[in-house]
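# Structure assessment
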Amino acid sequence: MRHIISILIENEAGALSRVAGLFSARGYNIESLTVAPTEDGSLSRMTLVTRGNNEIVEQITKQLNKLIDVVKLLDLSDGEHIEREMMLIKIRAERAHRGEITSLVEIFRGRIIDVTDASYIVEMTGSPAKLDAFIKAVHEEMVVEVVRTGPSGIARGAKGLVLS
């Protein structure tokens, strides 16, 4: 099962490597990892995506909580949450196909952010399923390059990853 773990962590050198080291030392895989400072400059928010059964993820969260840099964590998969991912995709855009590509980008609510004689670069945000669907809708031979951030997520309702 896929789990999105949101972590408040001290914004200090080495904190990220300690989290990554914990995963590699135990043979767990990190599918996606994003980190950025929060409104409190001393803390960063890390969003980590991994797969495993409930027993494995429980072990992961216990080990993460033991790290001195970890202030608080929340497995977003345990409740209702919203997740979004950002993608940049470079598409071959010959003159004959530009109208079709532009229409497809509009349907998926993306934005063309760069245009050259040979290509478009499209920015798109949404659920991972939406981004996958866009990639499938574009002819495979037209895709030059794809860059994705991995999911970021937030719990719905009153529950949140905040210091109390």
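Here's a quick rundown of the structure. (Residues numbered from 1 in each chain as written. Predicted model: local features only at pLDDT ≥ 70, side-chain atom pairs only at ≥ 80, totals over all residues. Heavy atoms only, no water.)

## What about the pattern of salt bridges?
As a reminder of what qualifies: Each salt bridge in this description consists of a side-chain nitrogen of Lys or Arg and a carboxyl oxygen of Asp or Glu lying within 4 Å of one another. Under the scheme used here, helices are H or I runs from DSSP no shorter than 4 residues and strands are E runs no shorter than 2 residues, and both carry numbers assigned from the N terminus.
The tally for this structure, following the rule as stated, stands at nine salt bridges. Residue Glu 83 pairs with Arg 2 through a salt bridge whose shortest N-O separation is 2.7 Å. With a gap of 81 residues between them, Glu 83 in strand S5 (residues 81-92) and Arg 2 in strand S1 (residues 2-10) connect regions that are remote in the sequence. Shared partners join several salt bridges into a network, and the residues in it are Glu 85, Asp 132 and Arg 148.

## Observations concerning the sheet that holds strand S4 (residues 70-75)
How we decide: Whether two strands pair depends on DSSP finding at least two bridges between them. All axes here are fitted lines through C-alpha atoms, helices being fitted over the stretch that makes contact, and every angle between N-to-C directions spans 0 to 180 degrees.
Judged by pairing direction, the sheet is antiparallel, and its four strands sit side by side in the order S2-S3-S1-S4 without closing on themselves. Of all strands in the sheet, those with a lone pairing partner are strand S2 (32-37) and S4, marking the two edges. In this sheet, adjacent strand axes meet at a mean angle of 15° when their direction is disregarded. Relative to S4, S1 is paired through five bridges, and the arrangement is antiparallel. From the neighbouring strand, Ile 9 faces S4, where its bridge partner is Val 70.

## Some thoughts on the environment of Arg 84
Applicable threshold: In this analysis, two residues are considered to be in contact whenever any of their non-hydrogen atoms come within 4.5 Å of each other.
Of note, Arg 84 is situated in strand S5. For the pair Arg 84 and Glu 141, spaced 57 residues apart in the sequence, the C-alpha separation amounts to 26 Å. Every residue in contact with Arg 84, bar those within four places of it in the chain, is listed here: Thr 125, Gly 126, Ser 127, Gly 150, Pro 151 and Ser 152.

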